[in-house]
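Take a look at the letters that make up each chain.
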Amino acid sequence: MKIQYETRLIDFSVRDASKVGGALGFGPHLHKHLEIVYMISGATRANVDTEVYTVESGDLLVVFPNKIHSYSDLQPSNKYILFFIDPYAIPDFSQKFLTMDAKSSLIKHADKNERMVPVIKALASYSEYPPDYKHLLLKGYLLSFCAEFMGMMDLNYTKSDEHQAMKTIVAYCSQNFTKELSLSVLEKELHLSKYYISHLFGDILNVKFTDYINSLRISEACRLLRATDHSITDIASMSGFGTLRTFNRAFIKRIGVSPTAYRRSKNSSNEDMYDIYMM
């Protein structure tokens, strides 16, 4: 089974299908972001790792980072709100998202929580926030949202032997990509053959190990370019690149412009670190 690995370059994005339409159905994929579906009406079948859930009106599906998941619509005109949230954008919860797991990804009748729906609607209308306080409002609503749904889930700390090898590898990389990282390092740290690891990336994610690590590093570099005044050289190092030349080459290959041009375009358009992204 081929699994698509997705890289998202922004910290928060939302799709309100009640306004823009579009099916939720999507094949097996994973990424480092939280993926959350609030079902307004209709129903969809969600596969999260080995579990299968039916998500119906009023339900909330919370997919933690690095979990393989897919959807198949059970009705032709579902209405839902879909969120993608980078766990590092919410420092108060990031370690929980990366080191804990939920007994069930599905929260039935989440709309019965009187605080939940107003927060969801507030996050869905992010583009309408007052520009001067946009990022502060978003951070506040994200904290409230996470506190509400985490309080409704049965959570446990994950154990490496409870997960498939691929998910263990991806989780380790997502937390250590700014450090020196190679197949040999993974072999030593995870006690898995580097040839086996390389095989998993090629056969499951259909991507080369180096391209996967670079995608994580470029995503972090984009965040730093938008959110900080660090020099390009410092950002290259902070993102995990050994040399500025390697960073520039990888960045242009992935983004299509140089880091300097990327920063200039973001500054000139007055966008903040939580630019909205419509799938």
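Numbers given for residues are sequential positions, taken from 1 along each chain in its written order. Local features are withheld for residues below a pLDDT of 70 in this predicted model, meaning they are given only at 70 or higher, and side-chain atom pairs are given and counted only at 80 or more; totals for whole chains, interfaces and linings count all residues. In computing side-chain properties, one takes all heavy atoms of the structure into account and sets aside hydrogens as well as water.

A. Quick peek at the nonpolar core. With 34 residues, the main nonpolar core has Leu 60, Phe 83, Phe 145 and Phe 149 as its most contacted residues. Working definition: helices are DSSP H or I runs of at least four residues, strands are E runs of at least two. Numbering for both runs from the N terminus. Secondary-structure elements contributing two or more residues to this core are β2 (12–16), β4 (34–41), β7 (60–63), β9 (79–85), α2 (91–99), α3 (116–124) and α4 (134–150). For this core, the element with the most residues is α3, which contributes seven residues. Aside from chain neighbours lying at most four places away, what touches Phe 83 is Phe 12, Ser 13, Val 14, Leu 34, Glu 35, Ile 36, Ile 120, Leu 123, Ala 124 and Phe 145. What we call a nonpolar core is a set of buried Ala, Val, Leu, Ile, Met, Phe, Trp, Tyr and Cys residues that are connected through their side-chain atoms within 4.5 Å. Remark: exposure states derive from per-residue accessible area (1.4 Å probe, protein chains only) relative to the maximum for the residue type, with buried under 20%, exposed over 50%, and partly exposed in between. Within the second largest apolar cluster, 21 residues are counted, among which are Ile 169, Cys 173, Ile 197 and Phe 201. Two residues form a contact once any of their heavy atoms are found within 4.5 Å.

B. The arrangement of α3 in detail. Taken across its nine residues, α3 has seven buried, putting it largely inside the fold. Of all the residues in α3, the buried ones are Met 116, Val 117, Val 119, Ile 120, Ala 122, Leu 123 and Ala 124.

C. View of unusual backbone geometry. Phi at Asp 49 is positive, roughly 55°, even though this residue is not glycine. Following the sequence through the fold, Asp 49 ends up in the loop between β5 (43–48) and β6 (51–56). Residue Asp 49 is classed as partly exposed on the basis of its relative accessible area of 23%. Phi at Asn 66 is positive, roughly 65°, even though this residue is not glycine. Tracing the chain through its elements places Asn 66 in the loop between β7 and β8 (69–73). For Asn 66, a relative accessible area of 6% translates into the label buried.

D. Quick look at the packing of aromatic side chains. Two aromatic rings from Phe, Tyr or Trp, using only the six-membered ring of Trp, form a pair when their centres are within 6.5 Å; if the ring planes differ by under 30 degrees the pair is stacked, by over 60 it is edge-to-face, and anything between is tilted. Enumeration over the complete set of coordinates arrives at 14 aromatic pairs. An angle of 80° between the planes, with centres 5.2 Å apart, marks the rings of Phe 145 and Phe 149 as edge-to-face. With Phe 145 and Phe 149 both in helix α4, this residue pair falls four residues apart, about one helical turn. Phe 145 sits in the buried class, given a relative accessible area of 0%. Look at Phe 201 and Tyr 212: their rings are 5.1 Å apart centre to centre, the planes differ by 45°, and that puts the pair in the tilted class. Residue Phe 201 is located in helix α7 (residues 194–205), and its partner Tyr 212 is located in helix α8 (residues 209–227); the two are separated by eleven residues in the primary sequence. Residue Tyr 212 is classed as buried on the basis of its relative accessible area of 1%. Aromatic rings pair up to connect Phe 12, Phe 64, Phe 83, Phe 93, Phe 97, Tyr 126, Tyr 129, Tyr 141, Phe 145 and Phe 149 into one cluster. Only lysine NZ and arginine CZ atoms are considered, and such an atom sits over a ring when it is within 6 Å of the ring centre and within 35 degrees of the ring normal. A cation over a ring is seen here: Lys 134 above Tyr 126, with NZ or CZ 4.7 Å from the ring centre. Seen from the ring of Phe 241, Arg 217 lies directly overhead, with NZ or CZ sitting 6.0 Å from the centre.

E. Spatial organisation of the environment of Glu 189. Looking at the element boundaries, Glu 189 is found in helix α6 (residues 183–190). The class for Glu 189 is partly exposed, based on a relative accessible area of 42%. In sequence terms Glu 189 and Gly 140 are 49 residues apart; their C-alpha atoms lie 37 Å from each other.

F. Structural view of the packing of α3 against α4. The geometry of α3 relative to α4 is characterised by a closest axis approach of 10 Å and an angle of 145° between their N-to-C directions. When you trace α3 past α4, the crossing you get is left-handed. Counted together, Met 116, Val 119, Ile 120, Ala 122 and Leu 123 of α3 and Leu 138, Tyr 141, Leu 142, Ser 144, Phe 145, Glu 148 and Phe 149 of α4 form the full contact between these two elements. Taken together, the residues of the contact of α3 with α4 sort by class into ten nonpolar, one polar and one charged. Note on geometry: axes are C-alpha line fits, over the in-contact stretch for helices, and angles between N-to-C directions span 0 to 180 degrees. Here a crossing is taken to be left-handed if its near helix is turned anticlockwise relative to the far helix by less than a right angle, and right-handed if that turn runs clockwise. Throughout this entry, Asp, Glu, Lys and Arg are counted as charged residues, while Ala, Val, Leu, Ile, Met, Phe, Trp, Tyr, Cys and Pro are counted as nonpolar. The remaining residues, Gly among them, count as polar.

G. Geometry of the sheet that holds β7. Two strands form a pair only when DSSP identifies at least two bridges running between them. With antiparallel pairing, the five strands of this open sheet are ordered in space as β2-β9-β4-β7-β11. A single partner strand is all that each edge strand has here, and the edge strands are β2 and β11 (106–107). For β7 and β11, the ladder comprises two bridges, and the chain directions are antiparallel. Its bridge partner lying in β11, Leu 61 is registered against Leu 106. Against the sheet, α3 touches β2, β4, β7 and β9, its axis set at about 75° to β9.

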